[in-house]
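# Geometric and topological summary
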Protein chains: 2
Amino acid sequence: MATFTNGIPEKTIERLSEYRRSLVHCHRRGITHIYSHVLAGMHGITAVQVRRDLMLIGFTSDTKKGYDVEVLIAYISKILDSDTPMNIAVLGMGHLGQAITKYFNGKGLKLKITAAFDIDPAKVGQQIDGVPCYHMDSFEELASELDISLVVVSSPTKVAANFTLPIINAGIKGVLNFTSAPLSFPQGIVVENYDITTLLEKVAYFVKEGDN
Amino acid sequence: MATFTNGIPEKTIERLSEYRRSLVHCHRRGITHIYSHVLAGMHGITAVQVRRDLMLIGFTSDTKKGYDVEVLIAYISKILDSDTPMNIAVLGMGHLGQAITKYFNGKGLKLKITAAFDIDPAKVGQQIDGVPCYHMDSFEELASELDISLVVVSSPTKVAANFTLPIINAGIKGVLNFTSAPLSFPQGIVVENYDITTLLEKVAYFVKEGDN
């Protein structure tokens, strides 16, 4: 994945997504303005970092009361969101797939998990957490019919590689892969490989180094 | 989290964890040597990146057959692993907690999920995927008894903040938080907040930018 797009670093994109979630939370609680150091505190980072991120997207606050929460939400949304909603399919509807679906939908996001694929006869043909589950064999055909742009790979690791070709053939644009098998795609398909083992090993490493 | 520790960037630590997993996979299949470009290809990155990462940890290959797989696994393990195994507790044994436990254990890693905590009476007192599940109320007391150093927070987002104090009091050293509530801890406790929404929004953003 490119580290910079239009000059916005990947890490800033991550934080913008996080800021927005906190801001929406504040907005629901009736908070209209927020200082950069308060927003920073919610994320365990410095106010300088928050201001730098918002400067990067051209947002400046001219009020002494801090940032206008509603305006900032709209501003970040214009950066992050696509004009049209994007549909997501989950490949592998085991514990992880179900956790992601449950967690992600009903959040009122522009992104929505609208289909699941599995090979388990007990799941195929069912609605799981409000999402229809289809057989993996029909993925290529259904993906375009259902206008799927992104997929989450939450299958067992050993079958993940089998999805590469169907994903390419179906014209999928972005892949979020949670298995231990890193997937590679031709240019034009965005892929993020997020192996949970890596995340835990990283935390363990920094704990160990802190001990020294 | 610090970006550099002993001069090794965070991203390099992530990749070392990933290289090791691929190398162990190769080793099991009887592969004794591997070229940097082959290892790079498995991870969708350049050979230069692989060589730079390994140079950073002081590993150099002097064979024309590429890196010695077994030697490189041992070398990376010396960097990543603690001398003593670290025990992990999962806080929240819903779909996500169970997915992580099933996925993580039985991999023969130095890190091991040895306890789970929940408040669901149907789960407390049971073994789930081979891991005993205790009541969340007993976490502070049991964590030191069971020698837990790391926790994975996979509870519903709205209760995650309640864990901050028990985690501090129990002397936990590292936290991997998958909820939407970013958690902050005093210095000395390593925390990684990995909200799945952020990961998906990031992929969607780069897809959108690629479209332009």
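Let me sum up the structure you'll find in this document. From a predicted model like this one, the values you see are computed outputs, not experimental measurements.

### So, the packing of aromatic side chains
Residues and elements named next belong to chain A. Tallied over the full model, the rule gives 11 aromatic pairs over all chains. Each ring, one from Phe-117 and one from Tyr-134, has its centre 5.5 Å from the other, and the planes form 40 degrees; the classification is tilted. Here Phe-117 is found in strand β6 (residues 111–118), whereas its partner Tyr-134 is found in strand β8 (residues 131–135), with 17 residues between them in sequence. A residue is classified by how much of its surface remains accessible, and Phe-117, at 0% relative accessible area, is buried.

### Points about the interface of chain A and chain B
Taken together, the contact pairs 66 residues of chain A with 66 residues of chain B. Taken together, both faces of the contact between chain A and chain B bury some 6000 Å²; the carbon and sulfur share is 66%. Area buried by chain A at its contact with chain B is led by His95(A), Leu200(A) and Phe206(A), which between them contribute 12% of it. Linking chain A with chain B are 12 salt bridges, by the criterion used here. Across the pair Asp195(A) and Arg21(B) runs a salt bridge whose closest N-O atoms are separated by 3.0 Å. The interface formed by chain A and chain B holds 26 residue pairs in polar contact (both at pLDDT 80 or more) in total. In terms of residue count, the dominant contributor to the side of chain A that touches chain B is helix α9 (residues 196–211) of chain A (15 residues). Considered class by class, the residues forming the side of chain A that touches chain B number 32 nonpolar, 17 polar and 17 charged.

### Some words on the environment of Leu176(A)
With respect to the helices, strands and loops of the structure, Leu176(A) is situated in strand β10 (residues 174–177). Here the alpha-carbon distance between Leu176(A) and Thr101(A), two residues 75 residues apart in the chain, equals 13 Å. Setting aside residues no more than four positions away along its own chain, Leu176(A) makes contact with Val151(A), Val152(A), Val153(A), Glu192(A), Tyr194(A), Leu199(B), Leu200(B) and Val203(B).

### A word on the pattern of salt bridges
Side chains that differ in sign of charge can pair as their charged atoms come close. Residue and element names in this part refer to chain A. Under the defined criterion, the tally for this structure stands at 24 salt bridges over all chains. One salt bridge connects Glu-14 with Lys-11, and the closest N-O pair in it is separated by 3.4 Å. Highlighted residues: Glu-14 and Lys-11, both in helix α1 (residues 10–28), separated by 3 residues, approximately one helical turn. Under the relative-accessibility criterion, Glu-14 is labelled buried at 11%. Of the residues examined, Lys-11 reaches a relative accessible area of 39% and is grouped as partly exposed. Two residues, Asp-120 and Lys-123, come together in a salt bridge whose shortest N-O distance is 3.9 Å. The class of Asp-120 is partly exposed, set by a relative accessible area of 27%.

### Things to note about the sheet that holds strand β9 (residues 148–153) of chain A
Two modes of strand pairing occur in sheets, parallel and antiparallel, and in both the strands are linked by backbone hydrogen bonds. All names here are of chain A. Across the sheet, 7 strands lie side by side as β7-β8-β6-β5-β9-β10-β11; this open sheet has mixed pairing. Two strands close off the open sheet at either side, each with one partner strand: β7 (127–128) and β11 (190–193). With 2 bridges connecting them, β7 and β8 associate as antiparallel partners. The residue of β8 that forms the bridge with Gln-127 is Pro-132. Those strands touched by helix α5 (residues 95–104) are β5 (86–91), β6, β7, β8 and β9, and its axis lies near 160 degrees from that of β6.

### A look at the packing of helix α1 (residues 10–28) of chain B against helix α4 (residues 69–80) of chain B
Residue and element names in this part refer to chain B. Two elements in contact, α1 and α4, have axes whose closest approach is 9 Å; the angle formed by their N-to-C orientations is 145 degrees. Seen along the crossing, α1 lies across α4 with a hand that is left-handed. Packed against α1, whose contacting residues are Ile-13, Leu-16, Ser-17, Tyr-19, Arg-20, Leu-23, Val-24 and His-27, the element α4 presents Val-69, Glu-70, Leu-72, Ile-73, Ile-76, Ser-77, Ile-79 and Leu-80 at the interface.

### As for the sheet that holds strand β9 (residues 148–153) of chain B
Residue and element names in this part refer to chain B. Across the sheet, 7 strands lie side by side as β7-β8-β6-β5-β9-β10-β11; this open sheet has mixed pairing. The open sheet has two edge strands, β7 (127–128) and β11 (190–193), and neither has a second partner. Pairing geometry for strand β5 (residues 86–91) and β9, over 5 bridges, is parallel. When the sheet's bridge partners are listed, Ala-89 is paired in β9 with Val-151. Contacting β5, β6 (111–118), β7, β8 (131–135) and β9, helix α5 (residues 95–104) runs over the sheet at an angle of about 160 degrees to β6.

### So, the relation of the copies chain A and chain B
Rotating chain A by 180 degrees and translating it 0.0 Å along the rotation axis places it on chain B, where the RMSD comes to 0.0 Å. Expressed as a symmetry operation, the mapping of one chain copy onto the other fits a two-fold axis. If distances are taken from each C-alpha of chain A to the rotation axis, the shortest is found for His95(A), at 2.4 Å. A shared interface surface links the copies, since 100% of the contact residues of chain A are contact residues in chain B too.

### Re the packing of α1(A) against helix α3 (residues 47–56) of chain A
Think of two packed helices as two axes; the pair is described by the angle between the axes and how far apart they sit. Residues and elements named next belong to chain A. Orientation of α1 relative to α3, taken along the N-to-C sense of each, is 105 degrees, at an axis distance of 10 Å. The orientation of α1 with respect to α3, classified from their angle, is roughly perpendicular. Facing Thr-12, Arg-15, Leu-16 and Tyr-19 of α1, the residues of α3 in contact are Gln-49, Val-50, Asp-53, Leu-54 and Leu-56. Grouping the constituent residues of the contact of α1 with α3 by class yields 5 nonpolar, 2 polar and 2 charged.

### Things to note about the environment of Val48(B)
All names here are of chain B. Relative to the helices and strands, Val-48 is located in helix α3 (residues 47–56). A relative accessible area of 42% places Val-48 in the partly exposed class. In this structure, the C-alpha to C-alpha distance between Val-48 and Val-191, residues 143 residues apart in sequence, is 30 Å.

### Focus on the side chain of Lys123(A)
All names here are of chain A. On the secondary structure map, Lys-123 appears in the loop between β6 and β7. By relative accessible area, which is 18% here, Lys-123 ends up buried. Not counting chain neighbours up to four residues away, the residues in contact with Lys-123 comprise Met-93, Gly-94, Gln-98, Asp-118, Ile-128 and Cys-133.

Cut-offs and rules
Residues numbered from 1 in each chain as written. Chains lettered and ligands numbered in written order. Predicted model: local features only at pLDDT ≥ 70, side-chain atom pairs only at ≥ 80, totals over all residues. Heavy atoms only, no water. Phe/Tyr/Trp six-rings, centres within 6.5 Å; stacked < 30°, edge-to-face > 60°. Helix = DSSP H or I, 4+ residues; strand = E, 2+ residues; numbered from the N terminus. Buried < 20%, exposed > 50% of the residue type's maximum accessible area, 1.4 Å probe, protein only. Contact = heavy atoms within 4.5 Å. Buried area = accessible area lost by both parts, 1.4 Å probe. Salt bridge = Lys/Arg side-chain N within 4 Å of Asp/Glu carboxyl O. Polar contact = N/O pair within 3.5 Å; in protein donor to acceptor, adjacent residues only side chain to side chain. Nonpolar A, V, L, I, M, F, W, Y, C, P; charged D, E, K, R; others polar. Pairing = 2+ DSSP bridges. Axes fitted to C-alpha atoms, helices over the stretch in contact; angles between N-to-C directions. Left-handed = near helix turned anticlockwise from the far one by under 90°. Least-squares fit on C-alpha atoms with pLDDT ≥ 70 in both. Parallel < 35°, antiparallel > 145°, perpendicular 65-115°, else oblique.

Note that all results are geometric; they support no functional claim without further evidence.
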